[in-house]
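Residues per chain, in single letters:
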Amino acid sequence: MTEQWVPFPVDRVFAFFADPLNLPRLLPAWQDARIDSLELHAPGSGSASRAAGRGSRILLSFRPVPLSPIRLRWLALIDDYTANHHFCDLQVTGPFRYWRHCHLVSPEMHGEVSGTRVTDVVDYQWPGGSANAAIDVFGGRLQIRQIFRYRQRRLLRLLRKEIAAQA
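A few points on the structure. All of these numbers come straight from a predicted model, not from anything done at the bench. (Residues numbered from 1 in each chain as written. Predicted model: local features only at pLDDT ≥ 70, side-chain atom pairs only at ≥ 80, totals over all residues. Heavy atoms only, no water.)

1. Comments concerning the overall build of the protein
Selection criterion: Secondary structure counts use DSSP, requiring at least four H or I residues in a row for a helix and at least two E residues in a row for a strand, with both numbered from the N terminus. We compute the radius of gyration over the C-alpha atoms and compare it with the globule rule, which gives 2.2 Å times the number of residues raised to the power 0.38. Only protein chains enter the accessibility calculation, which uses a 1.4 Å probe. A residue is then buried if its area is under 20% of the maximum for its type, exposed if over 50%, and partly exposed in between. What makes two residues a contact is simply this: any of their non-hydrogen atoms within 4.5 Å. Positive charge is attributed to Lys and Arg, negative charge to Asp and Glu, and no charge count is given to His or to the chain ends. Where a charge lies is defined by one atom per residue type, namely NZ (Lys), CZ (Arg), CG (Asp) and CD (Glu).
For the protein, the count of helices and strands is three helices and seven strands. Ordered by position in the sequence, the α and β elements of the protein form the string β-α-α-β-β-β-β-β-β-α. Relative to the compact-globule value of 15 Å for 167 residues, the protein shows a C-alpha radius of gyration of 16 Å, a close match. The dimensions of the protein, computed from C-alpha atoms along their principal axes, are 50 × 35 × 25 Å. Looking at the protein as a whole, 40% of its 167 residues qualify as buried. If you take every contact in the protein between residues at least 6 apart in sequence, the share linking residues at least 24 apart comes to 50%. Each charge class in the protein can be summarised by its mean position, and for the 21 positive and 15 negative side chains these summaries are 7 Å apart.

Written out as structure tokens, the structure is:
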């Protein structure tokens, strides 16, 4: 689980995460992440046109390590969605035996500044049965943590730019 507070309203933060086109922007450049296909299911009336609601499928490809000539493909399904509160993506196919990632947002004050608490809850298993724990110990868990730390820094910069551009 990771948490971050950002000085932006819940609806703007949630809309940013619910737009799958922002996903590659949140990943390190060395991963060269891209969306190969997108099947959007609108979350409901009045929502952003690019929001990935329940039932949406996103096929992402990326490099697993820097300079890798190999690209991995990851098909994610949005299996739970409540506007301005949370959504969860479940790996249908990809590099993990199991992966489910829930993005939660909630309003939170920091002194006089209103903002949003962003919480990411990830449940995963590496492929390989008994090797699962070894992969985690020998760098897998660290790489996931580093990617989430990068994402937190990047989120703040991207939201600042996006909100400034809309002002």
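Back to the write-up after that little detour.
2. Examining the state of the cysteines
Our working rule: Throughout, disulfides are identified as pairs of cysteine sulfur atoms within 2.5 Å of each other.
Scanning the model with the defined rule gives one disulfide in all. Each sulfur of the disulfide joining C88 and C102 lies 2.1 Å from the other. Note on the C88 and C102 pair: the S-S dihedral is about 110°, so by sign convention the disulfide is right-handed. Of this pair, C88 sits in strand 5 (residues 86–93) while C102 sits in strand 6 (residues 98–110), and the two are 14 residues apart along the sequence. Grouping residues by exposure puts C88 and C102 together as buried.

3. Observations regarding the pairing of strand 4 (residues 72–82)
Applied cut-off: Strand pairing is assigned whenever DSSP detects at least two bridges linking the two strands.
Sheet analysis places strand 3 (residues 57–62) next to strand 4, joined by six bridges and oriented antiparallel. Residue R57 lies in a different strand from strand 4, and its bridge partner there is L77. With seven bridges joining them, strand 4 and strand 5 adopt antiparallel strand pairing. Bridge pairing links A76 to Q91 in strand 5.

4. Things to note about the layout of surface pockets
Spelled out, the test is: Cavities and pockets were defined on a 1 Å grid built over protein atoms only: a cavity is a set of grid points that admits a 1.4 Å probe from which the probe cannot escape, a pocket is an open set flanked by protein on both sides within 12 Å along at least five of seven lines, and lining residues are those with an atom within 4 Å of any such point. Grid points are joined across faces, edges and corners, and a volume is the space filled by probe spheres set on the points. When residues are sorted by character, Ala, Val, Leu, Ile, Met, Phe, Trp, Tyr, Cys and Pro go into the nonpolar class, Asp, Glu, Lys and Arg into the charged class, and all the rest, Gly among them, into the polar class.
Considered as a void within the structure, the largest pocket measures approximately 810 Å³ in volume. Forming the walls of the largest pocket are 38 residues, and the residues nearest its centre are L27, L60, W74, W99 and I147. Of all elements in the fold, only helix 1 (10–18), helix 2 (23–26), strand 3, strand 4, strand 5, strand 6 and helix 3 (132–166) reach the threshold of two or more residues within the lining of the largest pocket. Counting residues per element, the lining of the largest pocket draws most heavily on helix 3, which supplies nine residues. Partitioned by chemical class, the residues of the lining of the largest pocket number 28 nonpolar, seven polar and three charged.

5. Overview of the sheet that holds strand 3
What counts is decided by this rule: To define axes, lines are fitted to C-alpha atoms, for helices over the stretch in contact only, and angles between the resulting N-to-C directions are given on a 0 to 180 degree scale.
The sheet built from seven strands is open, its strands ordered 1-7-6-5-4-3-2 with antiparallel pairing. With partners counted over all chains shown, the strands left at the sheet margins are strand 1 (2–6) and strand 2 (34–39), one partner each. Ignoring which end each strand starts from, the neighbouring axes of this sheet average 20° apart. Relative to strand 3, strand 2 runs antiparallel, the two sharing five bridges. Within the sheet, the bridge partner assigned to S37 lies in strand 3 and is L59.

6. With respect to the packing of aromatic side chains
What counts is decided by this rule: Any Phe, Tyr or Trp ring, taking Trp's six-membered ring, that has another such ring centre within 6.5 Å forms a pair; planes under 30 degrees apart are called stacked, those over 60 apart edge-to-face, and the others tilted.
All chains considered together, the criterion is met by 12 aromatic pairs. Centre to centre, the rings of W74 and F96 are 5.5 Å apart; their planes meet at 55°, and the pair counts as tilted. One end of the pair, W74, is in strand 4; the other, F96, is in the loop between strand 5 and strand 6, with 22 residues separating them in the sequence. Considered together, W74 and F96 belong to a single accessibility category, that of buried residues. Measuring from centroid to centroid gives 5.8 Å for Y124 and W126, while their planes differ by 80°, and the two rings are edge-to-face. For the residue pair Y124 and W126, the accessibility class agrees, reading buried in each case. Among the aromatic residues, ring-to-ring pairing joins F62, W74, F96, W99, Y124 and W126 into one connected group.

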